[in-house]
Amino acid sequence: MNRYLINGKQRLEGQITTSGSKNASLPLLAATLLGMGESTLKKIPRLSDVEHMVQVLKSLGAKVEDDGETLSIDARVLTGISVSEECMRQMRASNLILGPLLARLGEARIPLPGGCRIGSRPMDQHLKGLAALGVDIQETHGYIEAKVKRMRGADIYFDVPSVGATENLMMAAMGADGTTLLHNAAREPEIIDLQNMLTAMGGKIIGAGTATIRIEGRQPLWGTEYTVIPDRIEAGTHMLAAVMTQGDLEIDNVIPEHMSPIIAKTKQCGAEVTVNNSSIRVKHTGAINPMEIKTLSYPGFPTDMQPQFMALMTLAQGTSVVTETIFENRFQHVDELRRMGAKISVEGRSAIVHGVERLEGAFVEATDLRAGAALFLAALAAEEASVLQNIEYIFRGYEKLEEKYQAVGGKLQRMV
Ligand code: UD1
């Protein structure tokens, strides 16, 4: 396991460029399975999750080339229908191949998703939607086996606006006869990105970004060239790094409209936030205001920023309340933040954070990706040095993290 040694209390100043969105890249990669031609994807971040999805595509027979700048995927010939248990264990989003494989081959097989560190994360909405399209779903020997001769369009209502289920059904419906309507769909920017790519491939789909998405299936789909959107969660994490180090960072390659709840909350904590066309500057000196945060589906406050904001709140002047409504077990960073001197108590789905004057350096451990990001931020702000363990989790979502932070004055190094 790799570790970071981080010397805290270094003021960060300068420019940081946000990489392409991880959560948009994964469905875009899965969508290449639908095309009868090569697709070229640009600005895909080179992260372990992306590497896992590439391995999944290769295991299905797709040819993948990476020239460092672009990823080219040719999925004209597919030879597999299954995701291995190892792939699923490494990355839950491997389940995104269900929709495109059913559209292409009428068959797909994935291991049943097990428990996940941030909650149970069921797949019932994915499976309910697929069943409505006429897919036969069997659970045998720990696998979900999905088969269909010909899918037919349907009206599908999601009980919860699930990002993954919306994406899976958008891709599956590409292969269904007639019209599919997805109601109570998730509205995240990553879903609009997927719609844009499907449209560029020749698909007929509208409505992404609203609660209803309409797909006209069985259009011929080809390869395309597509550039992924910037990662709003990475950008948000950099914004908080500026606040927590009393710094001044210009964060490039962002789409500010995707970040409104993060921008609003960063302003509320007292930081000076200047929003430009494709960059955001965050500057902060002085006290951090306490606040209330409640995670919700987009355009509400993103659960993927909850741990990082909690790290920020540990240093606020007063008491904050952080309520997590999306995942039931997403407070694993609390114990680790306490090791650094944070005063946090958890009551059900809320964490009460009593701001302290200073965080102390400590040995802490990332337990998942965003918990790791929260501890990274806390260590940047802490008085002394910290050792952050299990940073493999952080590499799932943050590209070139140490290069980016060293360039703006961060004092951190990787230790094996
Ligand atoms: C995606 C993101 C993840 C983010 C999450 C919520 C990717 C690769 N990951 O995950 O970073 O934290 O959205 O914004 O894009 N649910 C069900 N049944 C289902 C599916 C989901 O009950 O069939 C529930 C989940 O348990 C959770 C909520 O719906 O409570 C949202 O989950 P979902 O939007 O599906 O998250 P993911 O797509 O897994």
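We now turn to the structure provided with this report. Note that this is a predicted model, so its numbers are computed, not measured.

When helices and strands are counted, the chain shows 14 helices and 23 strands. A compact globule built from 416 residues should have a C-alpha radius of gyration of about 22 Å, and the chain, at 21 Å, falls within 12% of that. Once the C-alpha set of the chain is aligned to its principal axes, its extents read approximately 65 × 45 × 40 Å. Relative to its full complement of 416 residues, the chain shows a buried share of 57%. When contacts within the chain are restricted to residue pairs at least 6 apart in sequence, long-range pairs at least 24 apart make up 73% of them. Accessible area of the chain: about 16,100 Å², with a carbon and sulfur share of 47%.

Another point: the pairing of strand β4 (residues 63-66). Relative to strand β5 (residues 70-74), β4 is paired through four bridges, and the arrangement is antiparallel. Bridged to Asp66 within β5 is Leu71. Connecting β4 to the antiparallel partner β5 that follows it, the hairpin turn spans three residues, and Gly68 within it adopts a positive phi of roughly 90 degrees.

The subject of this paragraph is the layout of surface pockets. Approximately 350 Å³ is the volume found for the second largest pocket. The wall of the second largest pocket is formed by 18 residues, among which Lys9, Gln246, Gly286, Leu315 and Glu357 lie closest to the centre. Classifying every residue of the lining of the second largest pocket gives nine nonpolar, five polar and four charged.

It is worth spelling out the sheet that holds strand β1 (residues 3-7) at this point. On the basis of which strands lie adjacent, the open sheet formed by four strands has the order β21-β22-β1-β23 and mixed pairing. The strands lining the two open edges of the sheet, one partner per strand, are β21 (363-365) and β23 (411-415). Pairwise comparison of adjacent strand axes, ignoring direction, gives a mean angle of 20 degrees for this sheet. As judged from the five bridges shared by β1 and strand β22 (residues 385-389), these two strands associate in the antiparallel manner. When the sheet's bridge partners are listed, Arg3 is paired in β22 with Gln389.

This part takes up the side chain of Gln308. With respect to the element layout, Gln308 can be found in helix α10 (residues 306-313). Residue class for Gln308 comes out buried when judged on its relative accessible area of 0%. Side-chain polar atoms of Gln308 contact the backbone oxygen of Asp304, separated by 3.0 Å. Among the polar contacts made by the side chain of Gln308, one reaches the side chain of Tyr398 at a distance of 3.4 Å. Setting aside its immediate chain neighbours within four residues, Gln308 contacts Ile233, Thr237, Leu240, Arg370, Ala373, Ala374, Leu377 and Tyr398.

All right, on to the environment of Leu375 then. Assignment of secondary structure puts Leu375 in helix α12 (residues 369-381). Owing to a relative accessible area of 0%, Leu375 belongs among the buried residues under this scheme. Measuring from C-alpha to C-alpha, the distance between Leu375 and Gln308 comes to 7.8 Å, with 67 residues separating the pair along the chain. Among residues more than four places away in sequence, those in contact with Leu375 are His333, Glu336, Leu337, Met340, Val364, Glu365, Ala366 and Leu388.

Another aspect to go through is the site of the ligand. With respect to spatial proximity, 18 residues lie near the ligand, and among them Asp124, Ser162, Val163, Asp304 and Ile326 are the closest. Pro122 has a polar backbone atom sitting 3.3 Å from an oxygen atom of the ligand. The contact in question runs from an oxygen atom of the ligand to an N or O atom on the side chain of Ser162, over 2.6 Å. Protein chains shield 84% of the accessible area of the ligand, which is 730 Å² for the free molecule. Taken together, the elements giving at least two residues each to the shell around the ligand come down to α1 (22-31), α5 (124-132) and α6 (163-173).

Rules and cut-offs
- Residues numbered from 1 in each chain as written.
- Predicted model: local features only at pLDDT ≥ 70, side-chain atom pairs only at ≥ 80, totals over all residues.
- Heavy atoms only, no water.
- Helix = DSSP H or I, 4+ residues; strand = E, 2+ residues; numbered from the N terminus.
- Rg over C-alpha atoms; globule rule 2.2 N^0.38 Å.
- Buried < 20%, exposed > 50% of the residue type's maximum accessible area, 1.4 Å probe, protein only.
- Contact = heavy atoms within 4.5 Å.
- Areas by Shrake-Rupley, 256 points an atom, 1.4 Å probe, with all protein chains shown as cover.
- Pairing = 2+ DSSP bridges.
- 1 Å grid on protein atoms, 1.4 Å probe; cavity = no way out; pocket = protein on both sides within 12 Å on 5 of 7 lines; lining within 4 Å.
- Points joined across faces, edges and corners; volume = space filled by probe spheres on them.
- Nonpolar A, V, L, I, M, F, W, Y, C, P; charged D, E, K, R; others polar.
- Axes fitted to C-alpha atoms, helices over the stretch in contact; angles between N-to-C directions.
- Polar contact = N/O pair within 3.5 Å; in protein donor to acceptor, adjacent residues only side chain to side chain.
- Near = heavy atom within 4 Å.

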